[in-house]
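# Working through the structure, step by step
As a plain string of letters, each chain reads:
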Amino acid sequence: MVRYLRSVGVAESRVVLVTPPPLCEAAWEQQCLAQGHRLNRRNSVAGEYARACAQVAYDCGTDVLDLWTLMQQDNQDFSTYLSDGLHLSPKGNDFVFSHLWPLVEKKVSALPLLFPYWKDVAEANPEWSLLGELGEGGPAPAAPAAGHPPARAHSEEVH
């Protein structure tokens, strides 16, 4: 995956790999039995995948969010993070968000915003907030010269 992303121009510094979460075998086994199957996954195997993912991240120079380790830290009961022993519950999604957002924010915090901050958009006339003079009631935009991007609608600094 990381090699592919690199091949299409995505720098390793912009990638975050996420390991699988742990597996609550008792809960997942109940789900399997209800479907007429035996337990088909093991937490130890999920751990092997998690370690492999973390190693790839290290080898490639990307960040990693190691859910498998974090959710089991300090012998905490991670079953509340899983709805059926395998898939994330709402609490599990919150856990992922609370740990992933700081990694993402670190990567995008220096990027310029292309549109105004949502609080700066005029409710009565959002077109003007987004397009400046070119919005509703303003002059029609001039066609850009061939091969050139359209000019910015106004010279205000983008927030």
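Quick note: structure is the one above.
Residues numbered from 1 in each chain as written. Predicted model: local features only at pLDDT ≥ 70, side-chain atom pairs only at ≥ 80, totals over all residues. Heavy atoms only, no water.

## Quick notes on the layout of surface pockets
Volume-wise, the second largest pocket comes out at about 160 Å³. Looking at the second largest pocket, the residues that line it are Pro20, Pro21, Pro22, Leu23, Arg41, Arg42, Val45, Ala46, Tyr49, Gly85 and Leu86. Partitioned by chemical class, the residues of the lining of the second largest pocket number eight nonpolar, one polar and two charged. (1 Å grid on protein atoms, 1.4 Å probe; cavity = no way out; pocket = protein on both sides within 12 Å on 5 of 7 lines; lining within 4 Å. Points joined across faces, edges and corners; volume = space filled by probe spheres on them. Nonpolar A, V, L, I, M, F, W, Y, C, P; charged D, E, K, R; others polar.)

## Digging into the nonpolar core
Listed in full, the ten residues of the largest apolar core are Cys24, Leu65, Leu67, Met71, Phe78, Tyr81, Leu82, Phe95, Val96 and Leu103. Per-element tally for this core: the top contributor is helix H5 (residues 90-108), with three residues. Core analysis: the next-biggest nonpolar cluster, separate from the first, contains five residues, Val2, Val15, Leu17 and Cys53 among them. (Core = buried A, V, L, I, M, F, W, Y, C linked by side-chain atoms within 4.5 Å. Buried < 20%, exposed > 50% of the residue type's maximum accessible area, 1.4 Å probe, protein only. Helix = DSSP H or I, 4+ residues; strand = E, 2+ residues; numbered from the N terminus.)

## Some details on the packing of aromatic side chains
A full pass over the atoms with the stated rule returns three aromatic pairs. Geometrically, the ring pair formed by Tyr81 and Phe95 is tilted, given 4.6 Å between the ring centres and 45 degrees between the ring planes. Of this pair, Tyr81 sits in the loop between helix H4 (67-70) and H5 while Phe95 is found in helix H5, placing the two residues 14 residues apart along the sequence. Where Tyr117 meets Trp118, the ring centres are 6.0 Å apart and the plane angle is 45 degrees; that geometry is what we call tilted. For Tyr117, a relative accessible area of 40% corresponds to the partly exposed category. Judged by its relative accessible area of 60%, Trp118 is exposed. The residue whose ring lies beneath Arg51 is Trp68, and the NZ or CZ to ring-centre distance is 5.7 Å. (Phe/Tyr/Trp six-rings, centres within 6.5 Å; stacked < 30°, edge-to-face > 60°. Lys NZ or Arg CZ within 6 Å of the ring centre and 35° of its normal.)

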